[in-house]
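# Structure assessment
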Amino acid sequence: MAVPTTPSELLAGQQIELAISGMTCASCANRIERKLNKLDGVTATVNYATEKAKVTFPTEVDPALLVQTVEAAGYGAELPQPAKQDEAEPDDPLRSLRQRLIGATVLSVPVIALAMIPALQFTYWQWISLALAGPVLVWAAWPFHRAAWQNLRHGAATMDTLISMGTLAAFAWSLYALLWGSAGVPGMTHPFELTIQRMSGDGNIYFEVAAGVTTFILAGRYFEARSKRRAGAALRALLEMGAKDVAVLRDGREVRVPVDTLAVGDRFVVRPGEKIATDGVIEVGSSAVDASMLTGESVPVEVGAGDKVVGATVNAGGRLVVRATRIGADTQLAQMAKLVEDAQTRKAGVQRLADRISGVFVPIVIALAVGTLGFWLGAGGSTAAAFTAAVAVLIIACPCALGLATPTALLVGTGRGAQLGILIKGPEVLESTRRIDTVVLDKTGTVTTGQMSLVDIHVAGGVADEEALRLAGALENASEHPIARAIATAAIDELGDLPDVEDFKNLEGLGVQGVVEGKAVVAGRTALLADWSQQLPAELAEAKAAAEKDGKTAVAVGWDGRARAVLVVADTVKPTSAEAVRKLRALGLEPVLLTGDNAAVAKAIAAEAGIDEVIAEVLPKDKVDVISGLQADGRVVAMVGDGVNDAAALAQADLGLAMGTGTDVAIEASDLTLVRGDLLAAVDAIRLARRTLGTIKGNLFWAFAYNVAALPLAMAGLLNPMIAGAAMAFSSVFVVSNSLRLRGFR
């Protein structure tokens, strides 16, 4: 943890990130936040999705006090661990939940079948139900009981409280009916009759309720946990982009060492095709550096002695000797990782509807159950009848369909999305899609292809396009430069096999030269042709100037002593981008183009795609500020991007959509991944996410509505257990069938 040194830092205090464990719902995060914020001078933000707390605290506060405060609230907290301790692969956090779910399912299915199908109720079937339901209630439901007990100790109630109380009440009453009531007699059956009558209840067992509710809720928790975004994966992916080892110059010899042993001032070698190990300054050599992953610039940057280079970018040309100027946490890559982390922690986790309702619903149900028990005892009813009514209130209120409401819709919605090339990360994502009004589109790789292509050929009088393309393509085919590859690829696609090149020479930063079909051919900058006394004729100079005005790259080509052609290369707009922009507008969204490229390129691309608002020449670290600025103006922002430079902005946006053709970092930092790499997929993603959210809301409404409608019957002591079972089964079937409608999404 950094020690503050300046007065302003001392005033602001230190910042630390705690790893929080034991949270089961968004209300847990709120409780921890409230407890930490009660400490003098402490400001805390707890994110349920990432399970982290970002805490700012005065220097006189011991970080151990923060951990103690969280633990006193009934949860776990850990201070940041040294990096080396984190290198080991963590245990699968879902393993315990998965084991409980599988065990509960295997044991619950026969219990539910025995209770609901009278034909299966053989002699002593009720005792088999007890034997099967016991492990489900004790072992599989243990996380709910533990959370309920912790909540009780701290005077709080959540869904866990209701689940624990409902299942324990159902099991305890069934045990009472078996041992002291008439339910344990040989040959006892539950007839399937839907009658409303007052009863003592000691002839009925509810093991299927205890086992079924536990299994349904466990399924919900498992699928939710599986889909929750893990912020750490984005940061690991970002840092994985860097080089792993480096050739350092020691006494004039190259020695390969791990990157983390580099020191500031070390000189290291970068060969063509290798990643630059860390931020530094070039001392020897010149090349083209592909920084598109970090900066979004589609054109490689020409660099030479004295120029700065950034770690994790790729050397596309010659051999470089670089002197390291920044290492470790000071590098641009590490600072971008920090930006992603900060944006994800600042991002407020949307509280799930069930948790919001449960804050009111749970205490009311418990109060109603206690009130029902008191009323019937006070009214002179039998103790058994009073307990039956009170337990019925808890059982019918325990929302078994609620455990299915979100995960089934999410499973069907995400499954359909996967078929359409859309990956939805979790339920909190869906809430954002309903509110967004602005969609920020990264240029390179999102609106455009992200690859250089030949877009135009201009030739002098008397020269055929085919001849210019053949000679230039053959010459450029011998070079590895991305612009050369674009020309060579176009020539091969158009003409097939190309002639051989003799006496090829690559002139760093200028272009290439060689002999093709007996002609001395040069291609590159006009300065290279000028060295050969080949000046561009007026019409070619005009075409070159027009291309460069639009932000495109113009390559001059000359042979037989004259400049004869200009080949224009550019990053091209994807064929579907303009249609996607129209459809985004139809969804009520305002598109904005955001890019690190120059304004001329950005405006030309925006005009072709039909985008009015353009924000250009933005550095990677400033993209987050652009998103924050739009949010500060009251806009709810979605961001579509694909590069490392977009990762922090994707995390900062209210909704992040990553192109699956992009980097792992962008994908991890986003909420939705578009596998197709097509902007039309963004339109489908927003429509599908909105439809899925609507289905979840409908599910949640009916999951509660069935329970609430039956509560008066339970309180009146008129609830036949078969009606309770049937209502539960019907609400679950409704929720599942309603979710399955998403399979028809087009």
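Residues numbered from 1 in each chain as written. Predicted model: local features only at pLDDT ≥ 70, side-chain atom pairs only at ≥ 80, totals over all residues. Heavy atoms only, no water.

Evaluated as defined, the whole model comprises 19 salt bridges. For Glu-17, the salt bridge identified is with Lys-52, shortest N-O distance 3.5 Å. With Glu-17 in strand 1 (residues 14-21) and Lys-52 in strand 3 (residues 52-57), this pair connects stretches of sequence that are 35 residues apart. Considered together, Glu-17 and Lys-52 belong to a single accessibility category, that of buried residues. Residue Glu-613 pairs with Arg-635 through a salt bridge whose shortest N-O separation is 3.3 Å. (Salt bridge = Lys/Arg side-chain N within 4 Å of Asp/Glu carboxyl O. Helix = DSSP H or I, 4+ residues; strand = E, 2+ residues; numbered from the N terminus. Buried < 20%, exposed > 50% of the residue type's maximum accessible area, 1.4 Å probe, protein only.)

Contact geometry for helix 5 (residues 125-140) and helix 6 (residues 142-153): axes closest at 5 Å, N-to-C directions at 45 degrees. As judged from the angle between their axes, helix 5 and helix 6 are oblique. Between helix 5, through Leu-137, Val-138, Trp-139 and Ala-140, and helix 6, the contact on the second element is made entirely by Trp-142, Pro-143 and His-145. Tallied by class, the residues present in the contact of helix 5 with helix 6 amount to 6 nonpolar, 1 polar and no charged. (Axes fitted to C-alpha atoms, helices over the stretch in contact; angles between N-to-C directions. Parallel < 35°, antiparallel > 145°, perpendicular 65-115°, else oblique. Contact = heavy atoms within 4.5 Å. Nonpolar A, V, L, I, M, F, W, Y, C, P; charged D, E, K, R; others polar.)

Turning our eyes to something else, we now look at the sheet that holds strand 19 (residues 519-524). Taken in spatial order, the 6 strands line up as 16-21-20-19-18-17 in an open sheet, and their pairing is antiparallel. Looking along the sheet, the strands with just one partner apiece sit at the ends: strand 16 (448-459) and strand 17 (501-507). Strand after strand, the sheet turns through a mean of 20 degrees between neighbouring axes, direction not considered. Taken together, the 4 bridges between strand 19 and strand 20 (residues 553-559) define a ladder with antiparallel strand orientation. Looking across to strand 20, one finds that Ala-523 is bridged to Val-557. (Pairing = 2+ DSSP bridges.)

What follows is about the side chain of Asn-315. On the secondary structure map, Asn-315 appears in strand 12 (residues 314-315). The class for Asn-315 is buried, based on a relative accessible area of 0%. A distance of 2.6 Å separates the side chain of Asn-315 from the backbone oxygen of Gly-318, its partner in a polar contact. Once residues lying within four places of it in the same chain are set aside, the contact partners of Asn-315 are Val-270, Arg-271, Pro-272, Gly-273, Glu-274, Ser-287, Ala-288 and Leu-320. (Polar contact = N/O pair within 3.5 Å; in protein donor to acceptor, adjacent residues only side chain to side chain.)

Evaluation of the coordinates by the stated rule reveals 6 aromatic pairs. Ring centres 5.5 Å apart and planes at 65 degrees place the aromatic pair Trp-702 and Phe-734 in the edge-to-face group. Of the two residues, Trp-702 is situated in helix 26 (residues 679-715) and Phe-734 in helix 27 (residues 721-740); the sequence distance between them amounts to 32 residues. (Phe/Tyr/Trp six-rings, centres within 6.5 Å; stacked < 30°, edge-to-face > 60°.)

With that out of the way, let us pick up the confidence of the model for the chain. Of all residues in the chain, 82% have pLDDT values of 70 or greater, and the mean over the chain is 81. Highest mean pLDDT in the chain belongs to strand 22 (residues 590-594) (95); lowest belongs to helix 1 (residues 7-12) (38). Between residues 83-89, whose pLDDT stays under 50, and residues either more than four places distant or in other chains, the model counts 1 contact. Segment residues 346-351 is flagged for pLDDT under 50; beyond a separation of four residues in sequence, or across chains, it makes 15 contacts in the model. (pLDDT = per-residue confidence, 0-100.)

This paragraph deals with the nonpolar core. Core analysis: the biggest nonpolar cluster contains 49 residues, and Ile-205, Phe-207 and Leu-218 have the highest contact counts within it. Elements that contribute at least two residues to this core include exactly helix 4 (95-116), helix 5, helix 7 (159-179), helix 8 (207-227), helix 12 (353-378), helix 13 (383-397) and helix 26. Considering each element in turn, this core owes the most residues, 9 residues, to helix 8. For Phe-207, the contacting residues outside a window of four places in its chain are Val-111, Gln-126, Ser-129, Leu-130, Ala-133, Phe-171, Ser-174, Leu-175 and Leu-178. Of all hydrophobic cores here, the second largest spans 47 residues; its members include Ala-405, Leu-410, Ala-602 and Leu-680. (Core = buried A, V, L, I, M, F, W, Y, C linked by side-chain atoms within 4.5 Å.)

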